[in-house]
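Geometric and topological summary
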Amino acid sequence: MQLNKVDVVNVQGGGSSAGIKSVETGTANIGMSSRELTPDEQGLTVIPIAIDGIALILHPSNPLQNLSLAQIRDIYTGKIKNWDSVGGPNWQIHLVTREEGSGTRSAFSDLVMSGSQIYPGAIVQDSNGAVRQVIAGDKAAIGYISLGLVDNEVKALNIDGITPSKDTILNHDYKFWRRFLFLVKGQETPPEKQFIDFVLSSDGQALLSREGLVPISAVSGGTSSP
Amino acid sequence: MIDFKEKSTELALLFLALSSIASLALITIFIIAEGVPVISKVGIINFLFGTEWAPSLGKYGILPMIVGSISVTLVALVIAVPTALCCAIFLVELSPRFLASIVRPAIQVLAGIPSVVYGFWGLIFIVPFIRNYLGGPGFSILAGSIILAIMTLPTIISIAEDALRALPPSYKEGSLALGTTQWQTIVSLQIPAARSGITAAIVLGMGRAIGETMAVIMVLGNAVALPKSILDPARTLTTNIGIEMGYASGEHQQALFATGIVLLIIIMILNSIAQYAARRR
């Protein structure tokens, strides 16, 4: 805003599909999505702008620090139902997941579940913030949210001994992340290009980094889908 | 000239009246046109009685949501109907005038509170209460039902109150003259006589409960599984649309419209029952 005082950018929320649809129908100049395009959504230009880690979160009073990928998968398929099966206290596990179609959920399914279905009895919340709020209030709950949104009300879990952080994503140790996309239809108009160039510039990427995201420029291979 | 004025006013009013019906028709046609392709692709039986909802795998079964809607509504009615009936009887027959002048506006306020406020209150107070004292994750049919019960109270109370008030005074006078007590008059004469109005009140309250979305999204847990107890999380037809709308596209979005068709049919049936009940004497 200090750098570009003249231009006005109107931002509207509504989820990834709303972002994709609004650029398809021409309602918006630039669409934003936290999920990759489906086969019937092709024909848009995809511009990755940042990488977002996905963290598994627990209530701070849950003594567990680390779980293996296999344990997490067994928890989310409903095979493991009590924290004592993975070395925790004798509490019934309360699973929290995101709704079908969510970018975070589809990334979680691909990266963690690898084809297995999430237990249908899991609590479904429709935003990262709502998931975090449930976990913050329930000592027996587990959920997953954007790494950038983890705060001190919840605790991020190490997976296979690796702490989720920008550094571990950058050195390819932490594998659970997805891309944030800008979408344009056809050729970019000059104002669109100006905005996209700003977001991809070092100033723009620094802003994203301050919000807890990993700049796309920093990741080798980040421009191809995970 | 006067004739022209009269005719044009008549036409303008007719046009306005028709436009409200036209918007209803447009919405209905749109929902049906969007939703029917998915139902015919999956098959009506698989759609209505399938227990698996996984749009990413092309599975569209809404039985858990139908069961969710029915159970949340029934538990809400179990809580709301006795409370509301007692309240209506109290207001009509027993309440001192000054008390009624406090209670009645208070109930109207209850009707005016936005549903998201009810949901937020439930999320902050009812959900942790259930988790700490009754067990389970707290997000549950019971939490949703308590919220819905409070939300349906004003509807049921005011319509039941009107029905009781509409009874001819001669009924009550005759009954009391025969030597019955006030209690006997209320239970064996006034409630049965106002039966049709009370039924309409309950059915309209039911419609309100089935249609409510925002408040229940926040406290119900929205799990897509057949609930085993009222302490389990569940998902209703409305919350299925509300929670997945933001990210749905293509066939998934059509399936949400198809959920809307089922909801529309249920509410139309409930409304016709209410009208039928209200007309019957």
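Residues numbered from 1 in each chain as written. Chains lettered and ligands numbered in written order. Predicted model: local features only at pLDDT ≥ 70, side-chain atom pairs only at ≥ 80, totals over all residues.

What about the overall build of chain B?
The test is simple: Strands are runs of DSSP state E lasting at least two residues, helices are runs of H or I lasting at least four, and both sets are numbered from the N terminus onward. Buried residues are those with 20 or more other C-beta atoms within 10 Å of their own C-beta, exposed residues have 12 or fewer, and partly exposed residues lie in between; C-beta atoms are placed from the backbone. What counts as a contact is two residues whose backbone-derived C-beta atoms lie within 7 Å of each other.
Secondary structure summary: chain B contains twelve helices and two strands in total. From first element to last, N terminus to C terminus, chain B shows the α and β order α-α-β-β-α-α-α-α-α-α-α-α-α-α. Projected onto its principal axes, the C-alpha coordinates of chain B cover approximately 75 × 70 × 35 Å. Counting only residues that meet the buried cut, chain B has 40% of its 281 residues in that class. Considering only intrachain contacts with a sequence separation of at least 6, the fraction spanning at least 24 residues in chain B is 74%.

Comments concerning the domain arrangement of chain B
Residue and element names in this part refer to chain B. Quick note on the threshold: The split of the chain into domains comes from an automatic or database domain assignment. Under the scheme applied, nonpolar residues are Ala, Val, Leu, Ile, Met, Phe, Trp, Tyr, Cys and Pro; charged residues are Asp, Glu, Lys and Arg; polar residues are all the others, including Gly.
Segmenting chain B into domains produces domain 1 (2-49) and domain 2 (63-280). The gap between the C-alpha centroids of domain 1 and domain 2 is 27 Å. Taken residue by residue, the interface counts eleven residues in domain 1 and nine residues in domain 2. Those elements that place two or more of their residues in the side of domain 1 that touches domain 2 are helix H1 (2-42) and helix H2 (44-49). Ranked by the residues each element gives to the side of domain 1 that touches domain 2, the list is headed by H1, at eight residues. Each residue belonging to the side of domain 1 that touches domain 2 can be placed in one class, and the counts come to eight nonpolar, two polar and one charged.

Remarks on the environment of Val-150 of chain A
All names here are of chain A. On the secondary structure map, Val-150 appears in the loop between strand E6 (141-146) and strand E7 (155-156). Owing to 20 C-beta atoms within 10 Å, Val-150 belongs among the buried residues under this scheme. Distance in space between the C-alpha atoms of Val-150 and Gly-129 is 9.5 Å, their sequence separation being 21 residues. Other than its neighbours up to four places away in sequence, Val-150 contacts Ala-55, Ile-57, Ile-145 and Ala-156.

Considering the pairing of strand E4 (residues 94-98) of chain A
All names here are of chain A. Put simply, the rule reads: Strand pairing is assigned whenever DSSP identifies at least 2 bridges connecting the two strands.
In terms of burial, E4 is largely enclosed, as five of its five residues are buried. Residue alternation in E4 divides its side chains into two sets, His-94, Val-96 and Arg-98 and Leu-95 and Thr-97, and both sets are buried. Here two bridges tie E4 to E6, and the two strands are oriented parallel to one another. When the sheet's bridge partners are listed, His-94 is paired in E6 with Ala-141. Taken together, the three bridges between E4 and strand E5 (residues 123-125) define a ladder with parallel strand orientation.

Structural notes on the domain arrangement of chain A
Residues and elements named next belong to chain A. Domain parsing of chain A yields domain 1 (16-51 + 177-218) and domain 2 (53-170). Taking the mean C-alpha position of each, domain 1 and domain 2 sit 27 Å from one another. Taken together, the contact pairs 13 residues of domain 1 with twelve residues of domain 2. Contributing elements (two or more residues each) for the side of domain 1 that touches domain 2: helix H1 (16-24) and strand E9 (177-185). Its residues assigned to classes, the side of domain 1 that touches domain 2 shows five nonpolar, five polar and three charged.

Some words on unusual backbone geometry
Its identity as a non-glycine residue notwithstanding, Asp-160 of chain A has a phi of 50 degrees, on the positive side. Take Asp-160 of chain A: it is sitting in the loop between strand E8 (158-159) and helix H5 (166-170). A residue is classified by how many C-beta atoms lie within 10 Å of it, and Asp-160 of chain A, with 14 of them, is partly exposed. For Asn-222 of chain B, which is not glycine, the phi torsion reads 60 degrees and is therefore positive.

Considerations on the nonpolar core
Residue and element names in this part refer to chain B. Note the following rule: Put simply, a nonpolar core is a cluster of buried Ala, Val, Leu, Ile, Met, Phe, Trp, Tyr and Cys residues tied together by C-beta atoms within 7 Å.
Ranked by size, the top nonpolar core spans 123 residues in total, and within it Ala-143, Ile-147, Ile-156, Ala-160 and Val-219 carry the most contacts. At 15 residues, the largest contribution of residues to this core is made by helix H6 (residues 141-165). Apart from the residues within four sequence positions on either side, Ala-160 is in contact with Ala-84, Leu-85, Ala-88, Gly-197, Ile-198 and Ala-201.

Overview of the interface of chain A and chain B
One frequent convention defines the size of an interface as the accessible area lost when the parts assemble. Counting residues at the interface gives 24 residues for chain A and 22 residues for chain B. Of all the elements in the fold, those that place two or more residues in the side of chain A that touches chain B are H1 and E5 of chain A. With five residues, H1 of chain A is the single largest residue contributor to the side of chain A that touches chain B. Here the residues of the side of chain A that touches chain B are counted per class, giving six nonpolar, eleven polar and seven charged.

Re the environment of Ser-101 of chain B
Position of Ser-101 of chain B relative to the elements: it lies in helix H4 (residues 97-112). Considered as a pair, Ser-101 of chain B and Leu-63 of chain B are 38 residues apart in the sequence and their alpha carbons are 45 Å apart.

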